[in-house]
Amino acid sequence: MTQRTYSGIWPVAPTPFHEDGQVDGEGMKRVLDCMIDQGVDGICILANFSEQFLISDAEREALTRLSLEHVAGRVPVIVTISHFATPIVVERARFAKELGADIVMMMPPYHGALLKGTAEQTFEQFRAVGEVGIPIMLQDAPLSGVDLPVPLLVRMAREIEMLKLFKIECPQAAAKLRALIAEGGADIEGPFDGEEAITLLADLDAGATGTMTSAMIPDLIGPVVRDFLAGNRPAAIEGYARVLPAVNHENRQCGFRSAKAAMVEGGVIASEFCRHPIPPLHPDTRAMLLELLRPLDPMVLSWGK
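Keep in mind that what you see is a predicted model, and the values were worked out from it rather than measured.

A. Quick peek at the overall build of the protein. Looking only at helices and strands, one finds 11 helices and 8 strands in the protein. For a compact globule of 305 residues, the expected C-alpha radius of gyration is about 19 Å, and the protein comes in at 18 Å, within 12% of that figure. Its C-alpha atoms give the protein principal-axis dimensions of roughly 50 × 45 × 40 Å. Evaluated residue by residue, the protein yields a buried proportion of 57% over its 305 residues. Long-range contacts, defined here as pairs at least 24 residues apart, represent 74% of the contacts in the protein between residues at least 6 apart. The centroid of the 27 positive side-chain charges in the protein is displaced by 1 Å from the centroid of its 40 negative side-chain charges.

B. Region of interest: the pattern of salt bridges. Under the definition given, this model contains 16 salt bridges. A salt bridge links Arg-226 to Asp-41; its shortest N-O distance comes to 3.4 Å. Here Asp-41 lies in the loop between α1 (25-37) and β2 (43-45) and Arg-226 lies in helix α8 (residues 218-229), a separation of 185 residues in the sequence. Put simply, Asp-140 and Lys-176 hold a salt bridge, and the shortest N to O gap is 2.6 Å. Remark: Lys-176 occurs in helix α6 (residues 173-184) and Asp-140 occurs in strand β5 (residues 136-140); sequence separation between them is 36 residues. Neither residue differs from the other here; Asp-140 and Lys-176 are each classed as buried. Bridged by salt links that share partners, the residues Glu-265, Glu-272, Arg-286 and Arg-294 form one connected network.

C. Seen up close, the layout of surface pockets. The computed volume of the largest pocket comes to approximately 490 Å³. Lining the largest pocket are 27 residues, and of these Asn-48, Phe-49, Leu-143, Glu-169 and Glu-196 sit closest to its centre. The element that contributes the greatest number of residues to the lining of the largest pocket is helix α9 (residues 233-254), accounting for 5 residues. Of the residues in the lining of the largest pocket, the class split is 12 nonpolar, 8 polar and 7 charged. Roughly 290 Å³ of internal volume is contained in the second largest pocket. Every residue lining the second largest pocket is counted, 15 residues in all, and those nearest its centre are Gln-52, Ser-82, His-83, Phe-84 and Tyr-110.

D. Seen up close, the sheet that holds strand β1 (residues 8-9). What the 8 strands build is an open sheet, ordered β1-β8-β7-β6-β5-β4-β3-β2; its pairing is parallel. Bordering the open sheet on either side are β1 and β2, each of which pairs with just one other strand. In this structure, strand β4 (residues 103-106) lies alongside β5, joined through 3 bridges in parallel fashion. If you follow Met-106 over to β5, its bridge partner there is Leu-138. Along the sheet, helix α2 (residues 57-71) contacts β2 and β3 (77-80); its crossing angle with β3, the most-contacted strand, is approximately 175°.

E. Looking closely at the packing of aromatic side chains. Per the counting criterion, the structure on display carries 5 aromatic pairs. Seen in terms of ring centroids, Trp-10 and Phe-192 are 6.1 Å apart; in terms of plane orientation they differ by 75°. Their pairing is edge-to-face. Of the two residues, Trp-10 is situated in the loop between β1 and α1 and Phe-192 in strand β7 (residues 190-193); the sequence distance between them amounts to 182 residues. Centroid distance Phe-53 to Phe-256: 6.1 Å. Interplanar angle 55°. Geometry classified as tilted. Residue Phe-53 is located in the loop between β2 and α2, and its partner Phe-256 is located in the loop between α9 and α10 (257-265); the two are separated by 203 residues in the primary sequence. With relative accessibility at 43%, the residue Phe-53 sits in the partly exposed group. Three or more aromatic residues joined by ring pairs form one cluster here, namely Tyr-6, Trp-10 and Phe-192. Against the face of Phe-123 rests Arg-155, its NZ or CZ located 3.8 Å from the ring centre.

F. A look at empty space enclosed by the protein. Enumeration over the complete set of coordinates arrives at 1 cavity of 30 Å³ or more. Space inside the largest cavity adds up to approximately 30 Å³. The wall of the largest cavity is formed by Ala-13, Thr-15, Met-28, Ile-45, Leu-46, Ser-50, Leu-63 and Ser-67.

G. Quick look at the packing of α2 against helix α3 (residues 86-98). Their axes nearest at 10 Å, the elements α2 and α3 cross at an angle of 25°. With respect to each other, α2 and α3 are oriented roughly parallel. The way α2 lies across α3 gives a crossing that is right-handed. Between α2, through Asp-57, Arg-60, Glu-61, Thr-64, Arg-65 and Leu-68, and α3, the contact on the second element is made entirely by Arg-92, Phe-95 and Ala-96.

Thresholds applied
Residues numbered from 1 in each chain as written. Predicted model: local features only at pLDDT ≥ 70, side-chain atom pairs only at ≥ 80, totals over all residues. Heavy atoms only, no water. Helix = DSSP H or I, 4+ residues; strand = E, 2+ residues; numbered from the N terminus. Rg over C-alpha atoms; globule rule 2.2 N^0.38 Å. Buried < 20%, exposed > 50% of the residue type's maximum accessible area, 1.4 Å probe, protein only. Contact = heavy atoms within 4.5 Å. Lys, Arg positive; Asp, Glu negative; His and termini not counted. Charge placed at Lys NZ, Arg CZ, Asp CG, Glu CD. Salt bridge = Lys/Arg side-chain N within 4 Å of Asp/Glu carboxyl O. 1 Å grid on protein atoms, 1.4 Å probe; cavity = no way out; pocket = protein on both sides within 12 Å on 5 of 7 lines; lining within 4 Å. Points joined across faces, edges and corners; volume = space filled by probe spheres on them. Nonpolar A, V, L, I, M, F, W, Y, C, P; charged D, E, K, R; others polar. Pairing = 2+ DSSP bridges. Axes fitted to C-alpha atoms, helices over the stretch in contact; angles between N-to-C directions. Phe/Tyr/Trp six-rings, centres within 6.5 Å; stacked < 30°, edge-to-face > 60°. Lys NZ or Arg CZ within 6 Å of the ring centre and 35° of its normal. Parallel < 35°, antiparallel > 145°, perpendicular 65-115°, else oblique. Left-handed = near helix turned anticlockwise from the far one by under 90°.

Have a look at this one:
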């Protein structure tokens with residue numbers, strides 16, 4: 001891997017279900033095709049915004065195989081492999097590599113509020129996955145509740161050859177990205193942000209080279225990243241200001257249900273079903289999401305029509 005290879009927009013693919021709760025395989029293919037048509041630089045599957053915590057192991061394997069075969073190298077694919085047990089994470093990494101995944105993404109080991117990996121256990125788990133020989137993106141997300149201080153991340157980047165990408169979506173992400181890049185230097189090859197790009201401009205200004213958003217409007221967020229990295233700050237600011245109300249509504253009100261709602265509205269998938277205990281979007285929340293999206297004319301609202 002070379003410095004600054006990874007940039008742009010690498011959104012998370014939602015997992016579509018039929019109304020009876022079964023995985024919609026054909027819908028998954030349409031999701032991936034829509035994302036590629038939106039001009040993404042890469043795609044992440046089986047992440048939190050893919051409802052990975054509501055998917056069985058057998059479904060995970062089937063979705064990994066289906067997605068990698070269907071994308072067929074058109075864009076790089078990141079497969080999320082997070083688990084508390086290190087042997088399971090390693091096996092998931094091997095499986096993803098065997099099927100042709102480009103990168104795996106993982107959070108530090110955690111299982112609920114009181115079972116969290118220590119700094120050394122986190123290091124050991126990532127090192128074990130690094131030995132599989134596939135590039136790793138570390139996901140620093142509040143969901144895990146595991147503290148990942150910058151010195152630990154820099155040590156991991158320097159001592160684990162395959163760990164070069166960092167998705168920072170903790171509070172004050174820009175400050176952490178800036179410190180991580182300053183202390184890690186060339187070892188931090190892919191500094192990314194997340195959280196639906198709610199802090200994108202600040203994170204780009206801090207040195208982020210990419211973002212991992214939802215699959216809702218990557219065709220509109222991607223140009224913000226590209227304009228900023230090209231030095232066209234006014235265009236980036238203008239583009240970001242245009243989409244920010246929709247991004248805010250997604251981040252604060254809808255979560256991963258937003259991309260599904262938009263994809264149903266645009267004929268990409270047939271159902272926005274989410275498995276229990278996730279409730280459906282309130283009709284008013286959904287209506288406002290579409291009210292904010294329509295003036296932007298994103299591809300997702302017309303792709304399947």
